[in-house]
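Now for the letters of each chain:
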Amino acid sequence: MADKISGVRVLAGTRKGAFILTSDAKREKWEISGPHFGGWEIYHLKGSPADPNRLYCSQSSGWFGQLIQRSNDGGKTWEPVDNKFVYDGVPGTHQWYDGTPHPWEFKRVWHLEPSRNDPDTVYAGVEDAALFRTTDGGKSWHELPGLRGHGTGSRWQPGAGGLCLHTILLDPNDARRIYIAISAAGAFRSDDGGETWKPINRGLHSQYIPDPNAEVGHCVHRIAMHRSRPGVLFMQKHWDVMRSDDAGDNWKEISGNLPTDFGFVIDVHAHEPETVYVVPIKSDSEHFPPDGKLRVYRSRSGGNEWEALSKGLPQSDCYVNVLRDAMAVDSVDSCGIYFGTTGGQVYASANGGDSWAPIVHDLPPVLSVEVQTLS
Amino acid sequence: MIRVWLPGHLRKLAQVDAEVELDVAGPVTQRSVLDALEARYPMLQGTIRDHVTKQRRPFLRFFACGQDLSHELPDAPLPEAVESGTEPFLIVGAIAGG
């Protein structure tokens, strides 16, 4: 496979712009392009699996609101597309932090998930939590209202980062199956292309809500899957690392020997569906690695047994965070793992996590990292 | 000809210089000037006013002739000097954030 791969393209969204980092398949030397949209918050940018040169970018600012940018040439040039995200019908209310009803208000797009087979179809996860879709390359966005309207929406409450829909997973084998996750409502699944939804939070246990086993209210930070086994899901919850073997119907804890099971990111090796990565963070009140040592933890057994990966990562006085959308894997034969920090570093490992090196280390705080494997 | 001054980020987005010139049909008000601006530069829709409510975004202000017009009604006439093109209508980003 390696001889067919021409290189990789890492897409980093930061607090002050987007950066595109490219390398050949060896992943030793990197070229950095950016900042694109300097001064704007880039929550996420991602390429279309169907057309790798088609990129979509969520650009926002407290002054000027939300923009969506589209590139047809791998990020060399961009054009703004539609930025109108209007909730379907009367938006209604969710719960505010104090438990009072609060009207749904659009704030920003957290995550863009292009369709696997159509470059013009993209899903957008937004704050306040809702799922939108474009089928015309971003010329118009429409809410999939069945998610907010399925019955529990009025009980959803924001996490500290807002009521954000931050994770969208499209089943590679079943175009009608979609998973999403919301802080702090939980995980949800649609089996009919986004028309209807159900909560999939059985087995999650959250001490910080009145009923720790409630149907909704769990602060899910991130979900990941391996494309060969889309029914197996891995979750980093506020606290606890979890696994489901039945498409989210039931979850069990796999935190095992992690030094702390708080964290944000989680991802799966491109070629080993039982190899999972997390970055443990000390606690929900101290968002930095334990003991000032930045360590990725890898399980080769699908959870419970974890090993620390520290070679090349700072092992003293390191107090950065790794945010929920800031880890990605490439599909080169020797799988590359990438993550970005709030200290502005993007670290890469070209050997499945055995050793790491910063491919850039002085960016603005990194909000998201995606990688494209280019042929 | 109405002159409108844009903040840096919006200039870059619309690919214009600091000031743009617009023809505004009918009474010259905040609403008619912004309608004309957004019609000519559609990428600015939603960046100055909310798409639906048309309310000014909270961190933007409207100035002209040394006055803060941000809280004037959208259909109130703008100063004569703006209407005649002697003075620009300024869209200004708040000094806030980092």
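Residues numbered from 1 in each chain as written. Chains lettered and ligands numbered in written order. Predicted model: local features only at pLDDT ≥ 70, side-chain atom pairs only at ≥ 80, totals over all residues.

**Here's the deal with the overall build of chain B**
At step 1: When helices and strands are counted, chain B shows three helices and five strands.
At step 2: In sequence order, chain B lays out its α and β elements as β-α-β-α-β-β-α-β.
At step 3: At 12 Å, chain B has a C-alpha radius of gyration in line with the 13 Å of a compact globule built from 98 residues.
At step 4: Projected onto its principal axes, the C-alpha coordinates of chain B cover approximately 35 × 25 × 25 Å.
At step 5: Excluding contacts between residues fewer than 6 apart, the proportion of contacts in chain B whose partners are at least 24 apart in sequence is 52%. (Helix = DSSP H or I, 4+ residues; strand = E, 2+ residues; numbered from the N terminus. Rg over C-alpha atoms; globule rule 2.2 N^0.38 Å. Contact = placed C-beta atoms within 7 Å.)

**Digging into the pairing of strand β30 (residues 366–374) of chain A**
All names here are of chain A.
At step 1: β30 sits mainly inside the fold: eight of its nine residues count as buried.
At step 2: Sheet topology note: the strand β1 (residues 7–14)/β30 ladder contains eight bridges and is antiparallel. Paired with alanine 12 across the bridge in β30 is valine 369. (Buried ≥ 20, exposed ≤ 12 C-beta atoms within 10 Å, placed from the backbone. Pairing = 2+ DSSP bridges.)

**Comments concerning the sheet that holds strand β25 (residues 307–309) of chain A**
Strand pairs in the sheet, formed through backbone hydrogen bonds, run parallel or antiparallel to each other.
Residue and element names in this part refer to chain A.
At step 1: Taken together, four strands build an open sheet; the order of strands is β22-β23-β24-β25 and the sheet is antiparallel. Each edge of the open sheet carries a strand with a single partner, namely β22 (262–268) and β25. On average, adjacent strands in this sheet sit at an angle of 30° to one another, irrespective of strand direction.
At step 2: In this sheet, β25 lies alongside strand β24 (residues 296–299) in antiparallel orientation, the contact comprising three bridges. (Axes fitted to C-alpha atoms, helices over the stretch in contact; angles between N-to-C directions.)

**Notes on the environment of lysine 139 of chain A**
All names here are of chain A.
At step 1: By the element assignment, lysine 139 lies in the loop between β12 (130–134) and β13 (142–143).
At step 2: Of the residues examined, lysine 139 has 11 C-beta atoms within 10 Å and is grouped as exposed.
At step 3: When the C-alpha positions of lysine 139 and glutamine 95 are compared, they lie 32 Å apart, and in sequence the two are 44 residues distant.

**Structural notes on the interface of chain A and chain B**
At step 1: Contacts between chain A and chain B engage 11 residues on the former and 14 residues on the latter.
At step 2: Each residue belonging to the side of chain A that touches chain B can be placed in one class, and the counts come to four nonpolar, six polar and one charged. (Nonpolar A, V, L, I, M, F, W, Y, C, P; charged D, E, K, R; others polar.)

**Description of unusual backbone geometry**
At step 1: With an omega dihedral of -5°, the bond running from glutamate 127 of chain A to aspartate 128 of chain A counts as a cis peptide bond.
At step 2: Here aspartate 128 of chain A lies in the loop between β11 (122–127) and β12.
At step 3: Of the consecutive residues serine 183 of chain A and alanine 184 of chain A, the connecting peptide bond is found in the cis state with omega at 0°.
At step 4: The topology assignment puts alanine 184 of chain A in the loop between β15 (178–183) and β16 (186–190).
At step 5: In this structure, glutamine 15 of chain B is a non-glycine residue whose phi angle is positive, near 55°.

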